[in-house]
Amino acid sequence: MTIKSTYYPHKSSQDLRASLVLFRLLSFPFIVRIAFVFWRFITFFRFPIAPFIRFTGYYQFCAGKDVATCTSITTRMASFRVKSVLDYANEHALSESDFDQNLEVILETIRVAATNDAYPFAVLKPTAIGSFTLFEKKTLGFELSDVELAAWKRIKNRLESCAALAAQSEIVLMIDAEESWIQSGVDALILPLMKRYNKENVVVAITLQFYLKDTLNKYMTLCQNAQGYFLGVKFVRGAYMEKERKRANILRLESPVCNTKMQTDKQFRQALEFALQHLKKQLCIVATHNEADIQWVKETCKQKDISLQDKNLWFSQLYGMRDYISFSLAAEGAHVFKYVPFGPLRQSIPYLMRRAIENSSVKSQTEKERKMLKQELVSRKINA
Ligand SMILES: Cc1cc2nc3c(=O)[nH]c(=O)nc-3n(C[C@H](O)[C@H](O)[C@H](O)COP(=O)(O)OP(=O)(O)OC[C@H]3O[C@@H](n4cnc5c(N)ncnc54)[C@H](O)[C@@H]3O)c2cc1C
């Protein structure tokens, strides 16, 4: 009997067993809590962490310490039609020198993408290249001091240099979405770049978070306004729900997040349905781990006679998560890329912590991941 496996073709059986152990551990919340104490301890005391790297989940969720070390993994994934976007995992940029250093790394990812088909996209997180407080002040409409105006201009220049290099390199630069209370400040910089650079094809793509109550309206307005240029949108539900609700609660504001998951799901699909019917005019990146959504997109494409292989339709998942979705989609001919985080271990710890929380809180997904890993191992044994 031959079982054709398309779930984890990029992983050795040893890697699969390691992933299986890790996802098993992540299904125990108390182990995740111990891991947090361990990570905090080694971070606080600046303990040498290289000897413990195997036990941190780093190899599951990060591809390497720098751009060069990611190449072997991304090349291997590309051989199975799964492309990558290199995502620099530095979540603690505070100073101008941090922002400049991050800019250099992001520019490096764009340069690499220019010459390597494995990377059709690059990505940038606004607060990696500019002050959170400044984005917030802009969003809230505060007047900026001269010093702040100069810092704002530097953020603008950093973004401009990334967009210009992306255009020259013929790749798409995605801008991640973060907290809602900095988003208008971010939009003030991104929207003019989309108008300017997306005239012939998409160079700059925005991220829309559909857990926010007004995002469907925002999306429709963006579509209406996109006259004479192409729209590029990464569709996500949103990653900061607890934080958004907590802030709204403290400030006694109405929460910007949909009251129920069902409302979020509804907006997400309504927007996607519109995007799927306008692929001639816009790039649609379906960034989700939700299998029901993926199935729904596939069915919608079939019903509406839209090619799953349309060059403007992409699917995306995070590296090390739901690989079975990514590789099955790619095997069906869809365009897929993984968000591939990289960076030194110490710097990647906040990112690893977020992945641990996400995987341990959505139990059904972690169980499914384990089931698929086991299935892959069994099928390899049968076919050996
Ligand atoms: C490739 C990729 C790129 C991403 N980029 C970004 C980004 O730039 N910015 C960003 O914020 N996130 C980003 N995310 C994360 C994303 O927003 C989701 O947090 C994550 O993918 C989980 O949602 P889901 O659609 O995969 O799955 P699901 O498990 O179906 O959805 C979980 C999500 O639903 C929403 N939700 C859950 N409960 C409720 C509730 N009670 N009421 C209302 N809504 C609820 C939340 O957004 C939660 O994260 C990205 C994800 C991927 C895969």
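Provided above is the structure to which this section pertains.
Notes on the structure follow. (Residues numbered from 1 in each chain as written. Predicted model: local features only at pLDDT ≥ 70, side-chain atom pairs only at ≥ 80, totals over all residues. Heavy atoms only, no water.)

On to the overall build of the chain, then. If you tally the helices and strands in the chain, you get 16 helices and eight strands. In terms of its C-alpha atoms, the chain occupies a principal-axis envelope of roughly 65 × 60 × 45 Å. The 384 residues of the chain split such that 52% are buried. In the chain, once contacts between residues fewer than 6 apart in sequence are set aside, the share between residues at least 24 apart is 78%. Carbon and sulfur atoms make up 57% of the accessible area of the chain, which totals about 18700 Å². Looking at charge distribution, the chain has the averaged site of its 53 positive side-chain charges lying 5 Å from that of its 38 negative ones. (Helix = DSSP H or I, 4+ residues; strand = E, 2+ residues; numbered from the N terminus. Buried < 20%, exposed > 50% of the residue type's maximum accessible area, 1.4 Å probe, protein only. Contact = heavy atoms within 4.5 Å. Areas by Shrake-Rupley, 256 points an atom, 1.4 Å probe, with all protein chains shown as cover. Lys, Arg positive; Asp, Glu negative; His and termini not counted. Charge placed at Lys NZ, Arg CZ, Asp CG, Glu CD.)

With that settled, the discussion passes to the packing of helix α2 (residues 29-44) against helix α15 (residues 345-361). At their nearest, the axes of α2 and α15 sit 11 Å apart, and the two run at 170 degrees to each other. Our classification of the angle between α2 and α15 gives roughly antiparallel. Residues Val-32, Phe-36, Trp-39, Arg-40, Ile-42 and Thr-43 of α2 lie in contact with α15, whose contacting residues are Arg-346, Ile-349, Leu-352, Met-353, Ala-356, Ile-357 and Ser-360. Taken together, the residues of the contact of α2 with α15 sort by class into nine nonpolar, two polar and two charged. (Axes fitted to C-alpha atoms, helices over the stretch in contact; angles between N-to-C directions. Parallel < 35°, antiparallel > 145°, perpendicular 65-115°, else oblique. Nonpolar A, V, L, I, M, F, W, Y, C, P; charged D, E, K, R; others polar.)

Moving on: the pattern of salt bridges. Applying the stated criterion to the full structure yields 20 salt bridges. Arg-380 serves as the salt-bridge partner of Glu-376, at 3.0 Å between the closest nitrogen and oxygen. Of this pair, Glu-376 and Arg-380 both sit in helix α16 (residues 363-383), four residues apart, which is roughly one turn of the helix. For Glu-376, a relative accessible area of 2% corresponds to the buried category. Ionic contacts of the salt-bridge type, sharing partners, join the residues Arg-237, Lys-261, Asp-265, Arg-269 and Asp-293 into one network. (Salt bridge = Lys/Arg side-chain N within 4 Å of Asp/Glu carboxyl O.)

Taken together, 26 residues surround the ligand, and among them Arg-237, Gly-238, Thr-288, His-289 and Asn-290 come closest. In this structure, Gln-209 approaches the ligand through a side-chain N or O atom, which is 2.9 Å from an oxygen atom. Contact with the protein chains removes 85% of the 930 Å² of surface that the ligand exposes when unbound. Among the elements that make up the shell around the ligand, the one with the highest residue count is strand β7 (residues 313-318) (three residues). Broken down by class, the residue content of the shell around the ligand amounts to ten nonpolar, eleven polar and five charged. (Near = heavy atom within 4 Å. Polar contact = N/O pair within 3.5 Å; in protein donor to acceptor, adjacent residues only side chain to side chain.)

What follows deals with helix α9 (residues 183-197). Helix length check: α9 (15 residues) gives 20 Å between terminal C-alpha atoms against 21 Å at 1.5 Å per residue, within 8%. The axis of α9 is deflected most strongly, by about 25 degrees, at Leu-189, and proline Pro-192 appears within four residues downstream. Of the positions making up α9, those classed as buried are Gln-183, Gly-185, Val-186, Asp-187, Leu-189, Ile-190, Leu-193, Met-194 and Tyr-197. (Expected span 1.5 Å × (residues − 1). Bend = angle between axes of the 7 residues up to and from the residue.)

The geometry of helix α5 (residues 96-115) relative to helix α8 (residues 146-169) is characterised by a closest axis approach of 9 Å and an angle of 10 degrees between their N-to-C directions. Comparing their axes, α8 and α5 come out roughly parallel. On α8, the residues that touch Glu-96, Phe-99, Asp-100, Leu-103, Ile-106, Leu-107, Ile-110, Arg-111 and Ala-114 of α5 are Ala-151, Arg-154, Arg-158, Ser-161, Cys-162, Leu-165, Ala-166 and Ser-169. Considering only residue class, the contact of α5 with α8 consists of ten nonpolar, two polar and five charged.

Three- or four-residue spacings in an α-helix give side chains the same orientation, since the helix completes a turn every 3.6 residues. The end-to-end C-alpha separation of helix α4 (residues 67-78) is 16 Å, in line with the 16 Å expected for twelve residues at 1.5 Å each. Turning to α4, its buried residues number three or more, namely Val-67, Cys-70, Thr-74 and Met-77. Viewed end-on, α4 has its buried residues packed into an arc of 65 degrees, placing them on one side of the element. Seen from the buried face of α4, the exposed residues on the opposite side, beyond 90 degrees, are Ala-68 and Ser-72. If you follow the buried residues of α4, they end up packed against β1 (82-88), α5, α14 (323-331) and β8 (335-342). (Arc of directions from axis to C-beta.)

Below, the discussion takes up the sheet that holds strand β5 (residues 231-236). A sheet is described by the order of its strands in space; here eight strands give the open sequence β1-β8-β7-β6-β5-β4-β3-β2, paired in parallel fashion. At either margin of the open sheet sits one strand with a lone partner, and together these are β1 and β2 (121-124). Direction aside, the axes of adjacent strands within the sheet are offset by 30 degrees on average. Where β2 meets strand β3 (residues 172-175), four bridges bridge the pair, whose relative direction is parallel. Residue pairing across strands places Ala-122 opposite Leu-173, the latter belonging to β3. (Pairing = 2+ DSSP bridges.)

Here the focus is the side chain of Ser-348. Following the sequence through the fold, Ser-348 ends up in helix α15. For Ser-348, a relative accessible area of 0% translates into the label buried.

Side chains that are nonpolar tend, in soluble globular proteins, to be buried together. Judged by nonpolar contacts, the single largest core of 118 residues is most densely connected at Tyr-219, Phe-235 and Phe-315. Here this core gets eight residues from one element, more than from any other, and that element is α8. Look past the residues within four positions of Tyr-219 in its chain and what remains in contact with it is Leu-208, Phe-210, Leu-231, Val-233, Phe-235, Ala-271, Phe-274, Ala-275 and Gln-282. (Core = buried A, V, L, I, M, F, W, Y, C linked by side-chain atoms within 4.5 Å.)

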